[in-house]
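The primary structure of each chain is shown beneath.
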Amino acid sequence: MYLQVFYRPLIGILILAGSRSACEYSPGICGAWADGDIRIGVLNSCHSKVQTLQVRERPEKYNCTELNLLSLVRILAVVHTIETINNSSYLPGVRLGYYICDTCSDASKAIQSTEQLLAVNGTLSVQCEVLERPNVKAIIGARFSEDSLAVARLLSLYMVPQISTTSSAQTLSDRVRYPAFLRTIPSDVHQTKALANFMKHFHWDWVGVVYGDDDYGKNALQSFLADAENVDICQAFKEVLPHYLAHDEIEKRIQEVAETILSSEAKVVLLILKEELVSKLFKEMIRQNISRTWIASDAWSMSRNISRMDGINQLGDIFGFTFITGPNPGFKEFLHQLTLAPGSVNLFLEEYKQLGKDTGFLTEAVDISTTYGERLAVWSIAHALKRLLNCSETDCPGERDFPPWKLLKELKNLSFTMDNQTFYFNASGNFMNGYDLINWQPQESTGQRRFVVVGNYNLTEKEVNIKAPISWSNPSNTVPISMCSDICPPGTAKKLLKTSCCHNCTKCLEGTYSNETNLPNCLPCENGTWSLKGLTSCKPKEEDYWKWDGPHAIVLLTFTALGYLLLFFSLIIFLVFFGEPVMKQAGGMMCFVIMAGLALSYTSVILFIGKPNVHICRGRQILYALGFSLAVSCILVKALRTFATFLPPYRLKRIKSFYNPPVIITCGTLIQVLICIFWMIFDSPVVETFQSDQSMLITVQCNEGSGIGFAIMLCYIALLAFICFSLAFKGRKVPQRFNETGHIILSMLVYLFVWVCFTPVYIAKINERYSIQAAAILVSCYGIIFCHFAPKWYMALCKKKEEISREAYIAKASNHIIIDSIDFIPEITAEPNFIMGSQNTINSVDTGLGSIQLTRKELHQDNNIYNMEFPYQTIRKRPRRKSI
C-alpha cells in the first residue's frame, strides 16, 4: 500500500551499487540552480507527465512534458524567499544556494532527481560508509505525496531534512519509516476529517468519491472512509482514475466515471485527484452538461487553470479545503519582472518565456497566496540555520558543511513567529494550522470562478465554521440535498437499512423523544417526565380529574344547579299551597322529605368535581345512597297507600297493621345507613392514581374498593325502587284521575333503566364510568321531580281552585253519580263505577281491581245527598240531574 515493497529493493540497489558510473547522470538533470555557502534542494513537478513506454526493458531518459504553471510559481516562490534572505542580514556572512529538480509527477523520476541533489561532485557516494555531507543540506518538496513517499525513503537513510508544502498523505507522519520528513501543512488525517465534517454540516450523507490510484489517492480515500463512517456519511459510489496522465485507458475511464456520476442519485462528489485529472474529468462533465456539488481535495482546491475552464460555471457548486494561505511580500512584483540574481540559472523559467506569455500572466494564472507554504519552508530552514550556525547580528561562526541530521534536529525543535502566527513542527512533523474553506463563486461577467474564503476548519475543535454567506448555484439558492433517505424530523429516529445512511424514520416510542433531526436513537425521558409516541420533548405528566373550569364540571354543575332550582321552585309552590287539596294529594309533608333526599343526591354530584381525596370519595357515595334511599322510601309509602286503597277487607286489615309511613321511611333509610357504615368500615373507597404509557395524564379517581359495598348499596336502592314499581303496577287500573300509579311506575322505570345501563359500564372499568354515574344520579333525580312534582305544579298554577277542591276528587260514575268526598289519605282516590241496586241504593263499587261490596251503615237523605260508608272511607252520593 505504501510502496515499501517496491522501494526497499530499489533503494538497496542504489546503496549497493559499487560502480561510480552507475550513479552518473546527465548534467542537465536539474533545471535551476544558484550557488551558495549552504545549498537547499527543491523537488517539484515542473512538468505534469513523463512520456515513457508502458514496458521498459533498460534504463532510458525521462521525457517530461507539459510545463505546470502552478509548480513553476511554487519554485519561483522558493527562489524569491531565498533571495530575500540573502539580501537581508538575517544570516550574516552566509549565502543560501539552491538546486531545483523536476519530478515530472513521477515517483521514479523523483528518486533520480533526489540522487542528483545528494551527489557530491556529481556522484552519489554509496560506499560502505554513510553519506555524511551531501551536496544539499535540506530538500523542499515534493509536490505530490506519491513522489514524497519515494523520496522520503531515500532521504531517511541519510537523515536529510525533507520539508513538503503540499504532500498531505497520512502515512508520511510515521516517524519510524519517515523520520526525516516534515511538512508545513497538516496531514490528510485532518483534511479528511474536515471533508467529512463539512458534508455533515450540510447533511450530505450520500456522496460519490473519485480518487487517483496513487498512494495519495488511496491513502486519502481510506482515511476519508473512516472519518465519513464516524459521522454517518456513506458512499454512493467509489471510482478510481489512473494517476499517470499518459495511461492508455485514461480517456475511457474518464467517460466511465462520468456515466457513473450521471446515473447516481448522489448530488455531491468528492474528487481526490490531482489538478490535471480533475481538468480532464470536468471537460467531460461540461460536454455532458452534468451539474453536481463538487468537493475538492487540497491538490486542486485553488487551481486557477480549472477555475478558468470554458463552461466551468455550468458544473454546479464547487468547494474545497486549502491549506492556510498568507502573504508573500514582494513576490507579485518578482513575478512581474522575472529577474534572477546574478549567477542563477533557471531552465524552467526560460521554457515559460518561450510560451510567449506576458510577464504578468503568472499572477493571473496562479493564486500566489497558495505559495505561503514555500515561504514558511524556506524561513523554517533559515531559523534552524541561525541556531545551528550560532549566528549573531554580524557573523555566523558555525561549521557550514555540517551533517544534515544536525539541521533536522534543529528543525524538529523549532518554533518561530511570522505574520502574527506561531509555527512549529509537532511530534509527527506537521504544522497544525488548519484549513480554509474555499467556495468557487461564479463570475457571470467573465464566465470564470473566483476563490472566496467562506469558513475554516479548526484542528483542535474539529469543527467546520462557516463565516460568510454562500451563494448556491441552484435557482432557489438553497442548500442542495444529497441524501439516501429523507431527514428524520424531531420526534423520530433513524431505522437503518442495509447501509448506514439509508434508513426509515420511526416515531419515538412512549417515554422517549428526539429533539434533533436524524438522531440514530430516541432519548429516554428522565426525572419522572414522560412523552407520547413521536414527541420532541418530555414533560411531567399532569393530574387528570374534573377541574372546576373543565367541560365535564360545567355540564354537571349546570344540570345540578337546574335541579336545585326545580327543587326550590317546588318548595315555594308547596309552601304557598300548603294545606290545599293539591298538597294533600301530593303527599303533604312527605314532599318536603323527598325534596331533602333529592337535594342530598344533587350535592353528591358536586363532589364528583375537583381533585378527589378519601373524604370526598366516601362523601359522594354516602350522600347519594342516603338521599336517594330517603326519597324512594317516601315514594314507597305512596305506592303502598295506593295499592291498599281498594284491597278487600280481609287483606286490608293485615296491611293496616304495619302501615306506618314514618316508620317505613325511617327503616328504609336506616337500612341504607347500616349498609354504608359496614361499607366504610370493611371496604372503604380510596383514592387511586392511574397512568398509561399512551397518555400524558395521571388519572386521579376514586376507587370504591372491591365493589361489594358499592354494589349492595345500589342493589338496596334498586330493591326499594322495584317494590315501588310492583305496588304501583298492581294498582295501575285505578282511574288515573284519582291516583299516581303512573307517575310512580315511570319514575322507577327511569331509575331502574339508568342504573341497569350503568352496571356493565362500572364492571368493565371504563374510564368514563364516573361521569356516567354522575349522569345517572342526575337523571334519577330529574325523573322523580318531573314525575311527582311537575304535575302538581300544573294543578296548583293552571287549574281553577274549584277544580281542585274536595269535590273535584270525586269522579263521575256511569249513572252520573259523583263521589263528593273521600276521606282516608287525600292523595289516594278512586273513581268508582257504582253498580246500582234498588232505587236510591248503591250495592257495590267496581274500582277496576275487583268489586268491593258496600256495607251500608246508615243512609241519610239530606237534599238528595246520600251518605254511605266504604271500609275506612265515607262516600257522599248526590244526584246531578235527577233524583234517585
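Our subject is the structure that appears above.
Residues numbered from 1 in each chain as written. Predicted model: local features only at pLDDT ≥ 70, side-chain atom pairs only at ≥ 80, totals over all residues. Heavy atoms only, no water.

Enquirer: Can you tell me about the pattern of salt bridges, naming the residues and giving the values?
Expert: One pass over the structure, following the stated rule, counts 15 salt bridges. Here Glu 275 and Arg 143 are joined by a salt bridge, their closest N and O atoms 3.5 Å apart. Of this pair, Glu 275 sits in helix H8 (residues 275-287) while Arg 143 sits in the loop between strand E6 (138-140) and helix H4 (145-158), placing them 132 residues apart in sequence. For the pair Glu 275 and Arg 143, a shared accessibility class is recorded, and that class is buried. (Salt bridge = Lys/Arg side-chain N within 4 Å of Asp/Glu carboxyl O. Helix = DSSP H or I, 4+ residues; strand = E, 2+ residues; numbered from the N terminus. Buried < 20%, exposed > 50% of the residue type's maximum accessible area, 1.4 Å probe, protein only.)

Enquirer: Run through the environment of Cys 757, naming residues and quoting values.
Expert: The topology assignment puts Cys 757 in helix H22 (residues 741-763). In this structure the C-alpha to C-alpha distance between Cys 757 and Gln 773, which are 16 residues apart in sequence, comes to 10.0 Å.

Enquirer: Explain a nonpolar patch on the surface residue by residue, including any values.
Expert: A grouping of Leu 670, Leu 674, Ile 677, Phe 678, Ile 681 and Phe 682 is seen on the molecular surface, where their side chains present a nonpolar patch of about 650 Å² in accessible area. Mapping Ile 681 onto the fold places it in helix H20 (residues 661-682). (Patch = residues over 30% accessible without salt bridge, like charges linked within 9 Å, V, L, I, M, F, W, Y side chains within 5 Å. Areas by Shrake-Rupley, 256 points an atom, 1.4 Å probe, with all protein chains shown as cover.)

Enquirer: Mind laying out the sheet that holds strand E8 (residues 181-183), listing which residues take part and the relevant values?
Expert: Sheets are built from strands that pair by backbone hydrogen bonding, the pairs being arranged parallel or antiparallel. In space, the seven strands of this open sheet follow the order E8-E7-E6-E2-E5-E1-E14, with mixed pairing throughout. The open sheet has two free edges, formed respectively by E8 and strand E14 (345-346), since each of these has just one partner strand. Looking at chain direction, strand E2 (residues 38-44) and strand E5 (residues 96-102) are connected through seven bridges and run parallel. Counted as the bridge partner of Ile 40 is Tyr 98 from E5. (Pairing = 2+ DSSP bridges.)

Enquirer: How would you explain the packing of helix H7 (residues 250-263) against H8 if you had to name every residue and give the values?
Expert: The N-to-C vectors of H7 and H8 enclose an angle of 55°; their axes lie 10 Å apart at closest approach. Relative to H8, the element H7 is oriented oblique. Judged by the twist between their axes, the crossing of H7 over H8 is right-handed. Packed against H7, whose contacting residues are Ile 250, Glu 251, Ile 254, Gln 255, Val 257, Ala 258 and Ile 261, the element H8 presents Leu 277, Lys 280, Leu 281, Glu 284 and Met 285 at the interface. Tallied by class, the residues present in the contact of H7 with H8 amount to eight nonpolar, one polar and three charged. (Axes fitted to C-alpha atoms, helices over the stretch in contact; angles between N-to-C directions. Parallel < 35°, antiparallel > 145°, perpendicular 65-115°, else oblique. Left-handed = near helix turned anticlockwise from the far one by under 90°. Contact = heavy atoms within 4.5 Å. Nonpolar A, V, L, I, M, F, W, Y, C, P; charged D, E, K, R; others polar.)

Enquirer: Describe in detail the pairing of strand E28 (residues 697-703), supporting the description with residues and values.
Expert: Across the seven residues of E28, five count as buried, placing the element largely inside the fold. Pairing of strand E26 (residues 542-544) with E28, which is carried by three bridges, proceeds in the parallel orientation. Directly across from Asp 544, in E28, lies its bridge partner Thr 699. Sheet analysis places strand E27 (residues 686-691) next to E28, joined by six bridges and oriented antiparallel. Each bridged residue has a counterpart across the sheet, and for Val 687 the counterpart in E28 is Cys 702. The antiparallel pairing of E27 with E28 creates a hairpin that spans five residues between the two strands.

Enquirer: For helix H21 (residues 708-730), give the residues involved together with the corresponding values.
Expert: Residues spaced three or four apart along an α-helix point in a common direction, a consequence of the helix completing one turn every 3.6 residues. Here H21 contains 23 residues, and its C-alpha end-to-end distance of 32 Å stays within 8% of the 33 Å for a straight helix at 1.5 Å per residue. Those residues of H21 that sit buried are Gly 709, Phe 710, Met 713, Leu 714, Tyr 716, Ile 717, Leu 720, Ala 721, Cys 724, Phe 725, Leu 727 and Ala 728. (Expected span 1.5 Å × (residues − 1).)

Enquirer: With reference to specific residues and values, describe the side chain of Thr 184.
Expert: Considering the arrangement of structural elements, one finds Thr 184 in the loop between E8 and helix H5 (188-201). Among all residues touching Thr 184, those that are not within four sequence positions of it are Ile 163, Ser 164, Thr 165, Gly 373, Leu 376, Ala 377, Phe 431 and Asn 433.

Enquirer: Would you mind going over unusual backbone geometry in detail, with residue names and values included?
Expert: Between Gly 141 and the following residue, Ala 142, the backbone shows a cis peptide bond with an omega angle of 0°. One can find Ala 142 in the loop between E6 and H4. Despite not being glycine, Cys 104 shows a phi value in the positive range, around 55°. Its identity as a non-glycine residue notwithstanding, Asp 232 has a phi of 60°, on the positive side. Within the element layout of this structure, Asp 232 appears in the loop between helix H6 (215-230) and strand E10 (234-241).

Enquirer: I'd like to hear about the packing of helix H17 (residues 590-606) against helix H23 (residues 769-798), residue by residue, with values.
Expert: Direction vectors running N to C along H17 and H23 enclose 160°, while the axes themselves pass 9 Å from each other. In terms of axis orientation, H17 runs roughly antiparallel to H23. Viewed along their axes, H17 and H23 form a crossing whose handedness is left-handed. Here Cys 591, Ile 594, Met 595, Leu 598, Ser 601, Tyr 602, Ser 604 and Val 605 of H17 come into contact with H23, specifically with Ala 774, Ile 777, Leu 778, Cys 781, Tyr 782, Ile 784, Ile 785 and Phe 789. Among the residues forming the contact of H17 with H23, the class breakdown is 14 nonpolar, two polar and no charged.

Enquirer: Describe the sheet that holds strand E12 (residues 293-296), listing the residues and the values that go with them.
Expert: Across the sheet, eight strands lie side by side as E10-E9-E11-E12-E13-E17-E18-E19; this open sheet has mixed pairing. Strand pairing shows two members of the sheet lacking a second neighbour, E10 and strand E19 (463-466), which therefore form its edges. On average, each strand axis in the sheet is inclined to that of its neighbour by 25°, with strand direction left out of account. Two strands pair when backbone bridges link them, and strand E9 (residues 206-212) and strand E11 (residues 268-272) are joined in this way by five bridges, in the parallel orientation. Note on E11: the bridge partner recorded for Gly 208 is Val 269. Of the strands in this sheet, E9, E10, E11 and E12 are in contact with H7, which crosses E10 at around 170°. Against the sheet, H8 contacts E10, E11, E12 and strand E13 (318-323), and its axis sits at roughly 150° relative to E11.

Enquirer: Tell me about the state of the cysteines, and name the residues and values.
Expert: Inspection of every chain in the model, using the stated rule, returns eight disulfides. Across the disulfide, Cys 391 is cross-linked to Cys 396 (sulfur-sulfur distance 1.9 Å). Every disulfide takes its handedness from the sign of the S-S torsion; for Cys 391 and Cys 396 that torsion is 115°, giving right-handed. Each member of the pair Cys 391 and Cys 396 is classed as buried. Take Cys 591: it sits in no disulfide, and the sulfur closest to it among the cysteines is that of Cys 634, at 8.9 Å. For Cys 591, a relative accessible area of 0% corresponds to the buried category. (Disulfide = S-S within 2.5 Å.)

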